[in-house]
Amino acid sequence: MSTLFISDLHLSTERPAITALFLDFLRARARQAEALYILGDLFEYWIGDDVATLPEYRPLIDGLRGLTAAGVPVYVMHGNRDFLLGDGFAQQTGCRLIPDPTLISLYGENVLLMHGDTLCTDDVAYLKFREMVRNPDWVRMFLGKTIAERVAIVRDYREISKTATATKKPEIMDVNPRAVDAAMQQHGVRHLIHGHTHRPAQHVFALDGQSARRTVLGDWYDQGSVLVCDAHDSRDGGGRAASGPAAVGSAGVAGGRTPGATDASGCVLESLG
Ligand code: MN
């Protein structure tokens, strides 16, 4: 049994092959998993839970529902594109929304989960925009508009963002190493998993004199990308930690850390399709 992590699928009607790949992933691979974590930007954009009833979203809602109904817990974190996923989405799919950041215990190791956009602290213009649209007043104003009006607003923002992105240096749009260190130190972890930057990699680096890891999930543009984590600590006979993965919230402290087993999660980035 494995725990799966994905992000940045950017599902939209413009890339039906990726939607089909994801639906297949939900029906097959994910059914065998212990849990599935979706760390933001599942959708290209999400303009309010009322769109879940639109025909183009139906197969995705049903696909997620099928997986949770089969007993696989699915945890969904907001990304910058779908931060309006709300209780209506959670109810219709059976997914559980988790805050950014979230600390989990993964086979005995404390692991910090983030979308990743808040780590890009050099992108000051983006962070300003983020602050604006996450303001409850802005959200109320936005959700009060018709679907057509909301789509038009999102398209405008996309055009502005595309123009801005084209002129930003690539390093501006990557994570800031000091922001990474600070987040990991704050939560006392040596493994961070995030998406957003679309630069899949497993970085190993020194944090406070100890080995630390930052796993970056890949996007689902040309193919799928999944991080597969298994317990691979032979000291307990190869079995996984009895507690298994458990979301404990951003402010909580994950329990069940096994002494001497902090390196017990073996995680592999795989491509799909
Ligand atoms: Mn993102």
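Residues numbered from 1 in each chain as written. Predicted model: local features only at pLDDT ≥ 70, side-chain atom pairs only at ≥ 80, totals over all residues.

Asks: Explain the overall build of the chain here, please?
Replies: Along the chain, the regular secondary structure elements total 7 helices and 12 strands. Among the 273 residues that make up the chain, the fraction classed as buried is 36%. Long-range contacts, defined here as pairs at least 24 residues apart, represent 77% of the contacts in the chain between residues at least 6 apart. (Helix = DSSP H or I, 4+ residues; strand = E, 2+ residues; numbered from the N terminus. Buried ≥ 20, exposed ≤ 12 C-beta atoms within 10 Å, placed from the backbone. Contact = placed C-beta atoms within 7 Å.)

Asks: It is not clear to me how the packing of helix α1 (residues 16-27) against helix α2 (residues 58-69) should be interpreted in this structure. Could you clarify?
Replies: In helix packing, the relevant descriptors are the interaxial angle and the interaxial distance, both defined with respect to the helix axes. Two numbers describe how α1 lies on α2: the axes approach to 9 Å, and their chain directions differ by 15°. As summarised for this structure, α1 and α2 are arranged roughly parallel, according to the angle between their axes. Read as a crossing pair, α1 and α2 show a hand that is left-handed. Facing α1, whose interface residues are Thr19, Leu23 and Leu26, α2 presents Pro59, Leu60, Gly63, Leu64, Gly66 and Leu67. (Axes fitted to C-alpha atoms, helices over the stretch in contact; angles between N-to-C directions. Parallel < 35°, antiparallel > 145°, perpendicular 65-115°, else oblique. Left-handed = near helix turned anticlockwise from the far one by under 90°.)

Asks: Could you clarify how one ought to interpret α2 in this entry?
Replies: The periodicity of an α-helix, 3.6 residues per turn, causes residues three or four positions apart to be oriented the same way. A rise of 1.5 Å per residue sets the reference length of α2, with its 12 residues, at 16 Å; its end C-alpha atoms lie 16 Å apart and thus fit the reference within 8%. Directly beyond the C-terminal end of α2, a positive phi value near 100° is found at glycine 71. (Expected span 1.5 Å × (residues − 1).)

Asks: How should the pairing of strand β2 (residues 35-39) be read in this particular structure?
Replies: Regular strands place side chains that alternate from one sheet face to the opposite one. Of all 5 residues in β2, 5 are buried; the element is thus mostly enclosed. Residues Ala35, Tyr37 and Leu39 line one face of β2 and the alternating positions Leu36 and Ile38 line the opposite face, and both faces are buried. As paired strands, β2 and strand β3 (residues 74-77) are joined by 4 bridges and run parallel to one another. Note that in β3 the partner of leucine 36 across the bridge is valine 74. Handedness of the crossover joining β2 and β3 through α2: right-handed. (Pairing = 2+ DSSP bridges. Right-handed = clockwise from strand over helix to strand, strands pointing away.)

Asks: For this particular structure, what's the right way to read the pairing of strand β10 (residues 224-231)?
Replies: Within β10, 6 of the 8 residues are buried, which leaves the element mostly enclosed by the surrounding structure. Relative to β10, strand β1 (residues 3-6) is paired through 3 bridges, and the arrangement is antiparallel. Across the sheet, residue threonine 3 finds its bridge partner in β10, namely cysteine 229.

Asks: Where do I start with the nonpolar core in this structure?
Replies: As a rule of thumb, soluble globular proteins bury nonpolar side chains together. Grouped together as the largest cluster of nonpolar side chains are 54 residues, with contacts concentrated most on Ile38 and Leu113. For this core, the leading source of residues is β2, giving 5 residues. Apart from residues lying up to four places away in sequence, isoleucine 38 is in contact with Ile6, Ser7, Val74, Tyr75, Val76 and Met77. (Core = buried A, V, L, I, M, F, W, Y, C linked by C-beta atoms within 7 Å.)

Asks: What's the story with unusual backbone geometry in this structure? I'm lost.
Replies: Most of the time, phi is negative for any residue but glycine, and the peptide bond is trans. Cis geometry marks the peptide bond from aspartate 100 to proline 101, where omega comes out at 5°. Position of proline 101 relative to the elements: it lies in the loop between β4 (96-98) and β5 (102-106). Unusually for a residue other than glycine, aspartate 41 sits at a positive phi of about 60°. When you line up the elements, aspartate 41 lands in the loop between β2 and α2. Positive phi, close to 50°, is recorded for tyrosine 107, a residue that is not glycine. Within the secondary structure, tyrosine 107 is located in the loop between β5 and β6 (109-114).

Asks: Quick question: what am I supposed to make of the environment of cysteine 95 here?
Replies: Following the sequence through the fold, cysteine 95 ends up in the loop between α3 (87-93) and β4. The exposure class of cysteine 95 is buried, given the 22 C-beta atoms found within 10 Å. Distance from cysteine 95 to valine 74, taken between C-alpha atoms, is 5.0 Å for residues 21 residues apart in sequence. Discounting residues that sit within four places of it in the chain, cysteine 95 has contacts with Leu64, Thr68, Val74, Val76 and Ala90.

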